[in-house]
Amino acid sequence: MALNWFKKKKHKQEEKTPSDRKIDEDSEVLDTEDVADTQPSGNNDDREHQKLENETPPPPHINDQEADQTASKKPSGLFKRLKSGLSKTRKILSTDINELFAGNRKIDDELLEELEEILITSDIGVQTTMDLIQNISIKSSEISGPDQLKNILREKILELLDATTKPSQEIVDKPHVIMVIGVNGVGKTTTIGKLAARFSSSGKKVIIAAADTFRAAAIEQLTIWADRAGVDIIKHKDMSDPAAVAFDGIQAAVARDADIVLVDTAGRLHTRKNLMEELKKIKRTISKKLPGAPHEILLILDATTGQNALSQAELFNDALDVTGIALTKLDGTAKGGIVVSICNALEIPLNYIGVGEKIEDLQEFDPIEFLHALF
């Protein structure tokens, strides 16, 4: 089915692709201000968390009962924060879909075109939207109102989310090395701090290697997070060789019988060196020091950047074989649909989602829980 709005939207995104795919020091894609990372983390925590807590609760909507049942199984407040963080996206997918059927409208090309706009507005993405619309078109005879349409959307979206979701696996390597990558400004530093706290609270001995030596204040910020999490940190001076820091971090982990090593890396270099080549060097250094490592390469993506996050994921994956993704800044964004787009477009597991700035606000991704919070 050819829909004019969809064609125009797809054409615009295709035009942007070449510029989105340049990711070295001269790329505008990476020319992101580190708003969240340039201030001491404690101030950010209080301000962002307060903003989240003060957000007006979303209006009643379908699936509230199921969502509350799911929430009762989670630690107090975590599901509430996820639900609050997705409130803007939920309004798009619930209220706007309800309005599609005003005046007892039936499924036709015009309604499907409006639905396409709704889905893309929530940042579900062009290709994923195409797949969803095709599925809805096939089942159009079963749809007489918004409830039926939402049920079909839920079923199809859950299939997409389940396709890349993998159950948590027990860590068997010691030390287990996680190399954390991502562009500046996505919340890489805070995510490392939250992961360190999660592992430490579960009884693991954790070491952080502060190998982002190029960004001003990166080492100091990571030190603050290490102190909060109660873990050790290995660091050198600013502008030191990042691979050397990673090497020392592995060496310290072996000597101290640590369970986990989290290796921070640069998101953009302020020299003429290429970012990807520097990251490959770190990976090679880790492998030489500890065969089989890094055991995980975790890519941090910012939900608020929308479809540009997919471009970043493709480039990092091509260079480093990413094993998992952590999606940050879902608190308050209207772009929650990017989760669906990531799961559909990439064959990379979505391991974590961030719904706030507090240490406990990093959650393991649960497709069913996410779906309940989304609709």
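Cut-offs applied
- For every chain, the first residue of its written sequence is number 1, and the numbers climb from 1 along that sequence.
- Restriction of local features to residues with pLDDT of at least 70 applies here, the model being predicted, together with a cutoff of 80 or more for giving and counting side-chain atom pairs; totals for whole chains, interfaces and linings are based on all residues.
- Side-chain descriptors were evaluated using all non-hydrogen atoms of the structure, hydrogens and water having been removed beforehand.
- A run of H or I in DSSP becomes a helix once it reaches four residues, and a run of E becomes a strand once it reaches two; helices and strands are each numbered from the N terminus.
- Note on classification: 1.4 Å probe, protein chains only; a residue is buried when its accessible area is under 20% of the maximum for its type, exposed when over 50%, partly exposed between these limits.
- Note on contacts: a residue pair qualifies if any of its non-hydrogen atoms lie within 4.5 Å across the two residues.
- Per-residue accessibility takes into account occlusion by the displayed protein chains alone, with areas from the Shrake-Rupley method and a 1.4 Å probe.
- Should DSSP find at least two bridges between two strands, the strands are regarded as paired.
- Lines fitted to C-alpha atoms define the axes, with helix axes restricted to the stretch in contact, and inter-axis angles between N-to-C directions lie between 0 and 180 degrees.
- The term salt bridge refers to a side-chain nitrogen of Lys or Arg lying within 4 Å of a carboxyl oxygen of Asp or Glu.
- Throughout, a crossing is termed right-handed when the near helix is turned clockwise from the far one, and left-handed when it is turned anticlockwise from it by less than a right angle.
- Lys, Arg, Asp and Glu make up the charged group, whereas Ala, Val, Leu, Ile, Met, Phe, Trp, Tyr, Cys and Pro make up the nonpolar group; the residues left over, Gly among them, are polar.
- By definition in this entry, angles of less than 35 degrees are roughly parallel, angles greater than 145 are roughly antiparallel, angles of 65 to 115 are roughly perpendicular, and the rest are oblique.
- Centres within 6.5 Å make a pair out of two Phe, Tyr or Trp rings, where for Trp the six-membered ring is used; the pair is then stacked when the planes are under 30 degrees apart, edge-to-face when over 60, and tilted otherwise.
- Note on criteria: charge over ring means Lys NZ or Arg CZ within 6 Å of the ring centre, with the direction from the centre no more than 35 degrees off the ring normal.

### Quick look at the overall build of the protein chain
- Counting its secondary structure elements, the protein chain contains 15 helices and 8 strands.
- A total of 375 residues make up the protein chain; the buried ones form 54% of that total.
- Considering only residue pairs separated by 6 or more positions, the protein chain has 78% of its internal contacts joining residues 24 or more positions apart.
- Of the roughly 16700 Å² of accessible surface on the protein chain, 47% is carried by carbon and sulfur atoms.

### Some thoughts on the sheet that holds strand 3 (residues 232–234)
- The sheet built from 8 strands is open, its strands ordered 3-2-4-1-5-6-7-8 with mixed pairing. Only two strands of the sheet have a single partner each, and these edge strands are strand 3 and strand 8 (362–364). Between one strand and the next, the sheet's axes are offset by a mean angle of 25°, whatever the strand orientation.
- Of the strand pairs in this sheet, strand 1 (residues 176–181) and strand 5 (residues 296–302) are connected by 4 bridges, and their pairing is parallel. Looking across to strand 5, one finds that isoleucine 181 is bridged to leucine 299.
- Where helix 13 (residues 308–320) meets the sheet, it contacts strand 1 and strand 5, and its direction lies at approximately 160° from that of strand 5.

### Brief notes about the pattern of salt bridges
- The full count for this structure, using the stated rule, is 16 salt bridges.
- A salt bridge links lysine 174 to aspartate 259, with the nearest nitrogen and oxygen atoms 3.5 Å apart. Of the two residues, lysine 174 is situated in the loop between helix 8 (146–164) and strand 1 and aspartate 259 in the loop between helix 11 (242–255) and strand 4 (260–264); the sequence distance between them amounts to 85 residues.
- Residue classification places aspartate 259 among the buried positions, given a relative accessible area of 17%.
- Counted as one network, the salt bridges with shared partners bring together Lys188, Asp212, Arg215 and Asp264.

### Observations regarding the pairing of strand 4
- Taking burial as the measure, the 5 residues of strand 4 include 5 buried ones, the bulk of the element.
- With burial as the criterion, each face of strand 4 is covered, one bearing Ile260, Leu262 and Asp264 and the other bearing Val261 and Val263.
- As defined by bridge partners, strand 1 adjoins strand 4 across 4 bridges and the pair is classed as parallel. In the strand pairing of strand 4, methionine 179 is matched with valine 263.
- Sheet analysis places strand 2 (residues 206–210) next to strand 4, joined by 5 bridges and oriented parallel. For alanine 210, the partnering residue across the bridge sits in strand 4 and is aspartate 264.

### Focus: the packing of helix 8 against helix 15 (residues 367–374)
- Running from amino to carboxyl end, helix 8 crosses helix 15 at an angle of 145°, the nearest separation of the two axes being 10 Å. For helix 8 against helix 15, the interelement crossing comes out right-handed. Contacts from Arg154, Ile157, Leu158, Leu161 and Asp162 in helix 8 reach Pro367, Ile368, Phe370 and Leu371 in helix 15.
- Class assignment of the residues belonging to the contact of helix 8 with helix 15 gives a composition of 7 nonpolar, no polar and 2 charged.

### Re the packing of helix 12 (residues 275–289) against helix 13
- It is at 10 Å that the axes of helix 12 and helix 13 come closest, and there the two elements cross at 45°. As far as their axial angle goes, helix 13 and helix 12 are oblique. For the pair helix 12 and helix 13, the crossing hand works out as right-handed. Taking contact as the criterion, the partners of Leu275, Met276, Leu279, Lys280 and Lys283 in helix 12 are, on helix 13, Leu315, Phe316, Ala319 and Leu320.
- Of the residues assigned to the contact of helix 12 with helix 13, the class counts are 7 nonpolar, no polar and 2 charged.

### Quick word on helix 4 (residues 78–85)
- Within helix 4, 7 of the 8 residues are buried, leaving the element largely enclosed by the surrounding structure.
- Every buried residue of helix 4 is listed here: Leu78, Phe79, Arg81, Leu82, Lys83, Ser84 and Gly85.

### Some details on the packing of aromatic side chains
- One pass over the full model with this rule turns up 1 aromatic pair.
- One Lys or Arg, arginine 228, reaches over the ring of tryptophan 225 and ends 4.8 Å from the middle of that ring.

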